[in-house]
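Structural overview
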Amino acid sequence: MHDVTLPEPLELLREELLDVSPRDRLELLAEIGAELPAVEPAEAETFERVIECQSPVYLDVSLGRDARVRLRISVPPGAPMTRGFAAALVQGVDGHEPAALLGLPEDLPSVLGLGDLVSPLRRSGMVALQARAKRQLLERIAAEGRA
């Protein structure tokens with residue numbers, strides 16, 4: 001479908017999603033959303049809001065002492081598709097080198113086989129979530145003087 005290289009967790013997810021029917025793909029995405037690590041509401045309020053998302057979605061990217069990505073995203077349970085995408089993003093890049101996030105294709109939802117299954121507005125929110133995560137990471141790298 002798309003000839004891209006993804007971090008191993010996202011590549012495995014892509015294979016799993018593309019192996020099932022479109023309807024099952026959405027169900028699987030919703031199931032993955034249940035795996036999104038919880039963020040305390042008070043803490044999420046200090047994160048950046050992803051205004052392109054209809055639901056209140058917040059994210060924070062930081063670098064650990066080991067220069068690994070720490071990605072935290074807060075998505076309400078009432079937004080299962082966005083929550084599933086967020087969980088996939090966290091599973092795919094959290095704890096990895098910055099290149100794992102920075103190297104993701106700009107339209108990851110399409111690469112994962114979701115492009116035609118979610119509304120354009122939802123897809124736009126997913127793409128914005130990923131773009132904001134990349135921007136935050138670049139800002140953190142610049143602030144710490146890391147290349």
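Computed from a predicted model, the values in this text were never measured in an experiment. (Residues numbered from 1 in each chain as written. Predicted model: local features only at pLDDT ≥ 70, side-chain atom pairs only at ≥ 80, totals over all residues. Heavy atoms only, no water.)

Things to note about the overall build of the chain
Quick note on the threshold: For the purposes of this entry, the term helix denotes a DSSP run of H or I that reaches at least four residues, the term strand denotes a run of E that reaches at least two, and both are numbered from the N terminus. Atoms counted for the radius of gyration: C-alpha only. Globule rule: 2.2 Å times residue count to the power 0.38. Buried residues are those whose accessible area, probed at 1.4 Å on protein chains only, stays under 20% of the maximum for their type, while exposed residues exceed 50% and partly exposed ones sit between those limits. Should any heavy atoms of two residues lie within 4.5 Å, those residues are counted as being in contact. Computed by Shrake-Rupley with a 1.4 Å probe, the accessible areas treat only the displayed protein chains as cover when residues are assessed. Only four residue types enter the charge count, namely Lys and Arg as positive and Asp and Glu as negative; His and the chain termini do not. Taken as the charge location is NZ of Lys, CZ of Arg, CG of Asp or CD of Glu.
Each helix and strand in the chain was counted, giving seven helices and three strands. For the chain, the N- to C-terminal ordering of α and β elements is α-α-α-β-β-β-α-α-α-α. In terms of overall dimensions, the chain is globule-like: its C-alpha atoms have a radius of gyration of 14 Å, near the 15 Å expected for 147 residues. Projected onto its principal axes, the C-alpha coordinates of the chain cover approximately 45 × 35 × 25 Å. A buried classification covers 46% of the 147 residues belonging to the chain. Pairs at least 24 residues apart make up 66% of the contacts formed inside the chain by residues separated by at least 6 positions. Accessible area of the chain: about 7,600 Å², with a carbon and sulfur share of 51%. Looking at the chain, you have 16 positive and 24 negative side-chain charges, and the mean spots of the two groups are 5 Å apart.

Topic: the packing of helix α2 (residues 22-33) against helix α4 (residues 80-93)
Heads up, the condition is: The axes used here are C-alpha line fits, helices contributing only the stretch in contact, and every angle between their N-to-C directions lies in the interval 0 to 180 degrees. For classification purposes, angles smaller than 35 degrees are called roughly parallel, those larger than 145 roughly antiparallel, those between 65 and 115 roughly perpendicular, and all remaining angles oblique. If you view the pair so one helix is near and one far, a crossing is left-handed when the near helix is turned anticlockwise from the far one by less than a right angle, and right-handed when it is turned clockwise. Residues are grouped as follows: Ala, Val, Leu, Ile, Met, Phe, Trp, Tyr, Cys and Pro are nonpolar; Asp, Glu, Lys and Arg are charged; every other residue, Gly included, is polar.
Where α2 contacts α4, the two axes come as close as 7 Å, and the packing angle between them is 65°. Overall, the two elements α2 and α4 adopt an arrangement that is roughly perpendicular. When the axes of α2 and α4 are compared, the crossing they make is left-handed. Each of Leu26, Leu29, Ala30, Ile32 and Gly33 in α2 lies in contact with α4, whose residues at this interface are Pro80, Met81, Arg83, Gly84, Phe85, Ala87, Ala88 and Gln91. Classifying every residue of the contact of α2 with α4 by side-chain character gives nine nonpolar, three polar and one charged.

Describing α4
How we decide: A helix is expected to span 1.5 Å for every residue after the first.
Compared with the 20 Å implied by 1.5 Å per residue over 14 residues, the 20 Å span of α4 between its first and last C-alpha is a close match. Taken across its 14 residues, α4 has 12 buried, putting it largely inside the fold. Those residues of α4 that sit buried are Met81, Thr82, Arg83, Gly84, Phe85, Ala86, Ala87, Ala88, Leu89, Val90, Gly92 and Val93. Buried residues along α4 sit against α1 (8-18), α2, β3 (69-74), α5 (98-102), α6 (108-111) and α7 (120-144). Count one or two residues on from α4 and you reach Gly95, which has phi positive near 85°.

Quick look at the sheet that holds strand β1 (residues 48-49)
What counts, and what does not: Any two strands with at least two DSSP bridges between them are considered paired.
Strand order in the open sheet made by the three strands is β1-β2-β3, with antiparallel pairing throughout. The open sheet has two edge strands with one neighbour each: β1 and β3. By the bridge criterion, six bridges tie strand β2 (residues 58-63) to β3 in an arrangement that is antiparallel. Bridged to Tyr58 within β3 is Ser74.

Remarks on the pairing of β2
In the sheet, β1 pairs with β2 via two bridges, with the strands oriented antiparallel. Its bridge partner lying in β2, Arg49 is registered against Tyr58. Following β2, the chain reverses through five residues before pairing antiparallel with β3; Ala67 in that reversal takes a positive phi of roughly 65°.

Brief notes about the nonpolar core
To keep it simple, the criterion reads: To form a nonpolar core, buried Ala, Val, Leu, Ile, Met, Phe, Trp, Tyr and Cys residues must be joined to one another through side-chain atoms within 4.5 Å.
Leu59, Leu71, Ile73, Leu89, Leu104, Leu108 and Leu129 are the most contacted members of the largest nonpolar core, which totals 41 residues. Residue assignment for this core shows that the elements contributing at least two residues are α1, α2, β2, β3, α4, α5, α6 and α7. Considering each element in turn, this core owes the most residues, eight residues, to α4. In contact with Leu104, not counting residues within four places along its chain, are Leu6, Pro7, Leu10, Leu89, Val93, Gln130 and Lys134.

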